[in-house]
Amino acid sequence: MKITTVGLDLAKNVIQVHGVDERGKTVLKRQLKRDQVASFFANMPACLVGMEACGSAHHWARKLQSLGHEVKLMAPQFVKPYVKTNKNDVADAEAICEAVARANMRFVPIKTAQ
């Protein structure tokens, strides 16, 4: 089980994680508390991580990049077409994971701490 792409749906207290392998098969569906995210990704091999751009996404992007992951942020309106069912955290994480792997996706630059 080699996870190549991960989609993160950020919320206030809980972060939903959706991971796929190189064939696009779902191998990871998990819910993490905020304080568990850094240790979870520190123990994970480097992979592509996608998130919707929001206030806390830039913080998490910098944190995950420091752990060796490739992080890409997308505007929420570009992720919305990939949501397959009703809007919830699990469906959003899956849609983010699918959208970040698209070749023609437009990405938002990650802001520095300043």
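Predicted model, so just to flag it, every value in this text is computed and none were measured.

Rules used in this analysis
Residues numbered from 1 in each chain as written. Predicted model: local features only at pLDDT ≥ 70, side-chain atom pairs only at ≥ 80, totals over all residues. Heavy atoms only, no water. Helix = DSSP H or I, 4+ residues; strand = E, 2+ residues; numbered from the N terminus. Rg over C-alpha atoms; globule rule 2.2 N^0.38 Å. Buried < 20%, exposed > 50% of the residue type's maximum accessible area, 1.4 Å probe, protein only. Contact = heavy atoms within 4.5 Å. Areas by Shrake-Rupley, 256 points an atom, 1.4 Å probe, with all protein chains shown as cover. Pairing = 2+ DSSP bridges. Axes fitted to C-alpha atoms, helices over the stretch in contact; angles between N-to-C directions. Core = buried A, V, L, I, M, F, W, Y, C linked by side-chain atoms within 4.5 Å. Arc of directions from axis to C-beta.

Okay, the overall build of the protein next. Per the secondary structure count, the protein includes 4 helices and 5 strands. Scanning the protein from its N terminus toward the C terminus, one meets helices and strands in the order β-β-β-α-β-α-β-α-α. A compact globule built from 114 residues would reach a C-alpha radius of gyration of about 13 Å, and the protein, at 13 Å, matches this within 12%. When the 114 residues of the protein are sorted by exposure, 40% land in the buried category. Here the contacts in the protein between residues at least 6 apart in sequence split such that 46% fall between residues at least 24 apart. Taken as a whole, the protein presents about 6,600 Å² of accessible surface, with 51% of it coming from carbon and sulfur.

The next subject is the sheet that holds strand S4 (residues 48-52). What holds strands together in a sheet is hydrogen bonding between their backbones, with the strands either parallel or antiparallel. One open sheet accounts for 5 strands, arranged S3-S2-S1-S4-S5; its pairing is mixed. Each edge of the open sheet is held by one strand with a lone partner, namely strand S3 (26-33) and strand S5 (70-74). Averaged over all pairs of adjacent strands, the angle between strand axes in this sheet comes to 20°, irrespective of strand direction. The pairing of strand S1 (residues 5-9) with strand S2 (residues 14-20) spans 5 bridges and is antiparallel. By the bridge assignment, Val6 is partnered in S2 with Gly19. Lying on the sheet, helix H1 (residues 34-42) is in contact with S1, S2, S3 and S4; it crosses S3 at an angle near 140°.

This next bit is on the nonpolar core. If you look at the biggest cluster of nonpolar residues, it comprises 21 residues, and the most contacted ones within it are Val6, Leu8, Phe41, Met44, Val49 and Met51. Going through the elements one at a time, S1, S2, S3, H1, S4, helix H2 (55-66) and S5 are the ones with two or more residues in this core. For this core, the element with the highest residue contribution is H2, accounting for 4 residues. The next biggest cluster of nonpolar side chains, apart from the first, holds 9 residues, and it includes Met74, Tyr82, Ile96 and Ala99.

As a further point, take H2. Regarding H2, the residues found buried are Ala57, His58, Trp60, Ala61 and Leu64. Viewed along the axis of H2, the buried residues span an arc of 170°, placing them on a single side of the element. Turned more than 90 degrees away from the buried face of H2 sit Gly55 and Ser66, all of them exposed. A positive backbone phi angle near 100° is found at Gly68, which sits one or two residues after H2.

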